[in-house]
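Structural description and commentary
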Amino acid sequence: MKALSKKNLLILGGLLLLYAAVLGLIITGIINPFYEITLALICINIILAVSLNLVTGFTGQFSLGHAGFMSIGAYTCAIINMQMNSMAGFLIGLFAGAVLAALVGILIGIPTLRLKGDYLAIATLGMAEIIRVIFLNLEITNGAAGLNGIPRFTNWTWLFIFTAASVVLINNFIRSSQGRACISIREDEIAAESMGINTTKYKVMAFAIGAFFAGIAGALYASYFYFIKPGLFGFLKSIDILVIVVLGGMGSITGSVIAATLLALITTFLQSFTEIRMILYAVVLIVIMIFRPKGLMGTTEITDILRFRFGRKEERIQ
Amino acid sequence: MPLLKVEKLTKSFGGLTAVSNVSIEIEKGELVGLIGPNGAGKTTVFNLLTGVYVPSSGSILFEKETPITGQGDSSSEGSAAGEKTVIELAGMKPYNVTKQGLARTFQNIRLFKDLTVLDNVRIAMHHNIHYGMFTSFLRFNKFYSEEKRMLEEAEQLLKIFNLEDKKNELAKNLPYGEQRHLEIARALATKPSLLLLDEPAAGMNPKETAALTELIKWVRKEFDLTILLIEHDMSLVMKICERIYVLDYGMLIASGKPEEIRSNKRVIEAYLGEENSNA
Amino acid sequence: MDQFMQQMVNGISLGSIYALIALGYTMVYGIIKLINFAHGDVYMIGAYIGFAATTYAQLGFLPALLISMAACAVLGMTIERIAYKPLRGSTRIAVLITAIGVSLFLEYVMMFFVGAEVRSYPVLLSNKVFHLGNVLINTQQIYIVVTAIALMILLQFIVHKTKTGKAMRAVSIDRDAAQLMGIKVDNTISITFAIGSAFAGAAGVLVGIYYNSIDPLMGIMPGLKAFIAAVFGGIGNIPGAMIGGMAIGIMETLVSGYGYSLYRDAVVFAFLILILILKPSGLLGKNIREKV
């Protein structure tokens, strides 16, 4: 096993191919500006869903406040980028936003992650609401009207880089010893603690990492749509992200990616029918919970399925 | 100083005193049994020793031997290899207790059911890994070397318990007996010097119990362990334990060698009382 | 001091409404351990039914209140049958997500049919104002508090003096044991939803009268705050929910009254987090530990 193994090169090649293909479609105009917005939404939703999945799907800590961290990233990046109107300003803003979101995540996580299940859900919801109210009242964030005219430095290249990096990094984390420690908390907190896992530490770690990437997603959002206001990051946005994670499967990275893409497409097609879209979301949530509570993918990944098929063939050859 | 010295351990929940003034001493290398009728407070003692509960009063002193191979372990700073330090476990968090060298199994099997056999063992090894969060993210070479070491150690451990072939199966799909074995393997993966077994033979038939008895004896020798065992099955306890403590209504009523316990009047009364109330 | 007393009067009126909603949360949580996120939306629908009854059918306060309560009771039972009952025995998180789904469903179905715009209630009760020293109390406030108290007394009667109430208490303590004792658990849960939802419906009508404006998303915030009230009082505990509702109502009006109205919601949520951390069992609740 080495960093430059055949498998990793294959993944890298695939990613480059995907990037080039989409870039080609954009240049040739097959993906027109209208669909480019969908593309941006897909990328941002993927980052949000994968990062929430780390917290909720893998570590088992039910959070209803992910939009709060997204808003910290969005506002931080927007404010810095508006002061420093350059590419450097955008990148500094993005990282500052992500780091700040992670710090707030740690600050919030230490007291609230002692709570379990639905109590934690409500506490995180409350935290996100508090963050929203603060943005609503600060002068620098321009209150309810929000910030307009944020410089737009985000394009397909940046979206792709950050999305791919987020997915790969979070995936690496989950498939490490720390990741297993997080998963053990989801499985049985008391047993995990008895096996030497500092559960508080890893819950807070997962929460902070989730917040970090949600901050990146928020920064990309602010930079791409050049307008943000507190109302965009309310309770409903957190639910939006949760729907993706639940639909894709709590504990499946590829599930989150698929669901994020699917839902962004649905959103685009139903853009002028907000109510219908939300009713559809609601019905999907209920039906999934009743008939397939594990979501589309459960805890398995696309790669597991492929490997399973492949492995069978191998056996047959032998 | 014995390996474990419990002094006047007391735990009350509100008005109810579940464990009262219990003192236990275990020498290194011993295999000691803790018995008593249902509800006597045996599992509560385990939960106190392992940090799940904080004692109301009393102390739990544990002599920790810094492992010779131990390196970079932050909790053993300043102590040379092989050196012995006495640690107060009362009030310590469970994960920290485990780090000091106590490991346990649970009465009602608490495996990570939806994870593989291998992952169950690797999770227990987590506190012995030597790479951090950023290595996990970026997969530096340290990540690969440590993961390899962990995998090898885990496989070796599973081999001992005849679970190597099933390493990729989900823990919940193992037959009951193997689940009990996996729990012991998982506890051993934390590299304990004192192993606490909570009713390891519960739900087993006599044949399985006999096999388990052999396994416990063997594991103790192989891993140079000290074992404290809670058991309901008297035949198992009498067969393998060198010394026995008897608990009733949260208090120690007797202690001594198996033959002494067998003929102890108070012990017989406690168990007979239970049988009467069961009938 | 007058200012303070005035805010107390306003706070108690608002608090009565929160208390009515909180009762539904606490009863449902007590019996199936579910935070019924859709409860705030049942309250919203209650407000709309009251609106329809008074505006289109030209009914008075009391008939509108009763119709709304009855309709919400049916709605509550229906929700439970369709969405929650199939999930008995699944994880609490699954049921919670379902409840969020039901909540979104009710909100946007209403938005689809009645539109997103705010509607105003017709004037049902006189606006007569009484002066107690320098403190003003209007008829609406009196109606709200009296209705709320009457309903709470009724609830206490149902829970403690009737067979149904006994069944509810039994199921909430141990569902399996209750089943073995011949209690019809499913029916009892249905009745609990019916009563809780009827109370939410009443609260909806009262709020429509008090604030004179309703919209499809009006249930989210009061729903959350009523939940906070229930947690504060000790979730699952009926007198706790009443005390909690009052406390949250008074806290909110005091914060607004002293000029921090923009931070009102943040203060309430901060309060929630404090309770959850310091005393998660609430004022009157019991602490339960997981057995190892």
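Residues numbered from 1 in each chain as written. Chains lettered and ligands numbered in written order. Predicted model: local features only at pLDDT ≥ 70, side-chain atom pairs only at ≥ 80, totals over all residues. Heavy atoms only, no water.

Another point: the overall build of chain B. Looking only at helices and strands, chain B has ten helices and ten strands in total. Here the C-alpha radius of gyration of chain B, 19 Å, is about what a compact globule of 279 residues would show, namely 19 Å. In terms of overall dimensions, chain B has C-alpha extents of about 65 × 45 × 35 Å along its principal axes. When the 279 residues of chain B are sorted by exposure, 54% land in the buried category. Computed over 34 positive and 37 negative side-chain charges, the inter-centroid distance for chain B is 2 Å. (Helix = DSSP H or I, 4+ residues; strand = E, 2+ residues; numbered from the N terminus. Rg over C-alpha atoms; globule rule 2.2 N^0.38 Å. Buried < 20%, exposed > 50% of the residue type's maximum accessible area, 1.4 Å probe, protein only. Lys, Arg positive; Asp, Glu negative; His and termini not counted. Charge placed at Lys NZ, Arg CZ, Asp CG, Glu CD.)

A few words on the sheet that holds strand β10 (residues 251-256) of chain B. All names here are of chain B. The strand order β6-β7-β8-β3-β9-β10 describes an open sheet built from six strands, whose pairing is mixed. Among the strands making up the open sheet, the edge pair consists of β6 (102-104) and β10. Each strand axis lies, on average, 20° off the axis of its neighbour in the sheet, ignoring direction. Two strands pair when backbone bridges link them, and β6 and strand β7 (residues 194-198) are joined in this way by three bridges, in the parallel orientation. Residue leucine 102 lies in a different strand from β7, and its bridge partner there is leucine 194. (Pairing = 2+ DSSP bridges. Axes fitted to C-alpha atoms, helices over the stretch in contact; angles between N-to-C directions.)

What follows concerns the packing of helix α1 (residues 6-27) of chain A against helix α6 (residues 156-174) of chain A. Residues and elements named next belong to chain A. Put simply, α1 and α6 touch, their axes get as near as 11 Å, and they point 155° apart. Between α1 and α6, the interaxial angle falls into the category roughly antiparallel. The hand of the α1/α6 crossing is right-handed. Residues Leu15, Leu18, Tyr19, Val22, Leu23 and Ile26 of α1 touch α6, and the partners they reach there are Trp156, Thr157, Phe160, Ala164 and Val168. Of the residues belonging to the contact of α1 with α6, the class tally is ten nonpolar, one polar and no charged. (Parallel < 35°, antiparallel > 145°, perpendicular 65-115°, else oblique. Left-handed = near helix turned anticlockwise from the far one by under 90°. Contact = heavy atoms within 4.5 Å. Nonpolar A, V, L, I, M, F, W, Y, C, P; charged D, E, K, R; others polar.)

Our focus in this paragraph is the sheet that holds strand β1 (residues 4-13) of chain B. Residue and element names in this part refer to chain B. Pairing in this open sheet of four strands is antiparallel, and the strands run β2-β1-β4-β5 from one edge to the other. Strands at the two margins of the open sheet, each flanked by one partner only, are β2 (16-26) and β5 (84-88). In this sheet, neighbouring strand axes are inclined to one another by 20° on average, regardless of whether the strands run parallel or antiparallel. Direction of pairing for β1 relative to strand β4 (residues 57-65): antiparallel, over a ladder of five bridges. When the bridges of β4 are listed, leucine 4 appears paired with phenylalanine 62. Contacts between helix α1 (residues 42-49) and the sheet are confined to β1, β2 and β4, with β1 contributing the most and set at about 115° to the helix.

Moving on, we come to unusual backbone geometry. Even without being glycine, asparagine 162 of chain B reaches a positive phi, approximately 60°. Its location among the elements puts asparagine 162 of chain B in the loop between α5 (141-160) and α6 (176-189). Despite not being glycine, asparagine 212 of chain C has its phi angle at roughly 65°, a positive value. For asparagine 212 of chain C, a relative accessible area of 35% corresponds to the partly exposed category.

This next bit is on the interface of chain C and chain A. Size of an interface, as often reported, equals the accessible area lost when the parts are brought together. Contacts between the two partners involve 42 residues from chain C, matched on the other side by 37 residues from chain A. Taken together, the connections running from chain C to chain A amount to zero salt bridges. Our count for the contact surface shared by chain C and chain A stands at two residue pairs in polar contact (both at pLDDT 80 or more). Only α3 (61-84), α4 (92-114), α9 (220-233) and α11 (264-278) of chain C provide two or more residues apiece to the side of chain C that touches chain A. (Salt bridge = Lys/Arg side-chain N within 4 Å of Asp/Glu carboxyl O. Polar contact = N/O pair within 3.5 Å; in protein donor to acceptor, adjacent residues only side chain to side chain.)

What follows is about the domain arrangement of chain B. Residue and element names in this part refer to chain B. Parsing chain B into structural domains produces domain 1 (4-101 + 192-276) and domain 2 (114-190). Look at where the C-alpha atoms of domain 1 and domain 2 centre, and you get two points 25 Å apart. With 18 residues of domain 1 at the interface, the matching set in domain 2 holds 13 residues. Here domain 1 meets domain 2 over a buried area of about 1400 Å², counting both sides, of which 75% is carbon and sulfur. Looking at the side of domain 1 facing domain 2, the largest losses of area belong to Pro192, Leu215 and Phe223, adding up to 30% of the total buried there. Remark: the boundary between domain 1 and domain 2 carries zero salt bridges. Inspection of the domain 1/domain 2 interface yields two residue pairs in polar contact (both at pLDDT 80 or more). Contributions of two or more residues to the side of domain 1 that touches domain 2 are made by α2 (94-100), β7 and α7 (206-222). Ranked by residues supplied to the side of domain 1 that touches domain 2, first place goes to α7 with four residues. Broken down by class, the residue content of the side of domain 1 that touches domain 2 amounts to twelve nonpolar, three polar and three charged. (Domains from an automatic or database assignment. Buried area = accessible area lost by both parts, 1.4 Å probe.)

Each side of the interface is counted separately: chain B has 35 residues, and chain A has 33 residues. Contact between chain B and chain A buries roughly 2900 Å² in total, counting both sides, with carbon and sulfur atoms accounting for 61%. Where chain B touches chain A, the interface holds two salt bridges. The shortest N-O distance in the salt bridge between aspartate 188 of chain A and arginine 110 of chain B comes to 2.8 Å. There are 15 residue pairs in polar contact (both at pLDDT 80 or more) connecting chain B and chain A. Secondary structure elements with two or more residues in the side of chain B that touches chain A: α2, α3 (117-124), α4 (133-138), α5 and α6 of chain B. In terms of residue count, α5 of chain B provides more of the side of chain B that touches chain A than any other element does, five residues in total. Considering only residue class, the side of chain B that touches chain A consists of 17 nonpolar, seven polar and eleven charged.

What the rule picks out here adds up to 30 aromatic pairs over all chains. Consider the rings of phenylalanine 13 of chain B and tyrosine 53 of chain B, whose centres lie 5.1 Å apart with planes at 80°: the pair is edge-to-face. Taken together, the residues phenylalanine 13 of chain B in strand β1 and tyrosine 53 of chain B in the loop between α1 and β4 connect sequence positions 40 residues apart. One aromatic cluster in this structure is built from Tyr75, Phe135, Tyr221, Tyr224, Phe225 and Phe233 of chain A. (Phe/Tyr/Trp six-rings, centres within 6.5 Å; stacked < 30°, edge-to-face > 60°.)

Core analysis: the largest hydrophobic core is formed by 215 residues, its most contacted members being Leu64, Leu220 and Ile228 of chain A together with Ile17, Leu23, Phe37 and Tyr84 of chain C. Ranked by residues supplied to this core, first place goes to helix α9 (residues 199-225) of chain A with 16 residues. Sequence-distant contacts of tyrosine 84 of chain C, defined by excluding residues within four places in its chain, comprise Leu34, Asn36, Ala38, Ile79, Val95, Thr98, Ala99, Val102 and Phe193 of chain C. Core analysis: the second largest hydrophobic core is formed by 53 residues, Leu111, Ala124, Met150 and Ile253 of chain B among them. (Core = buried A, V, L, I, M, F, W, Y, C linked by side-chain atoms within 4.5 Å.)

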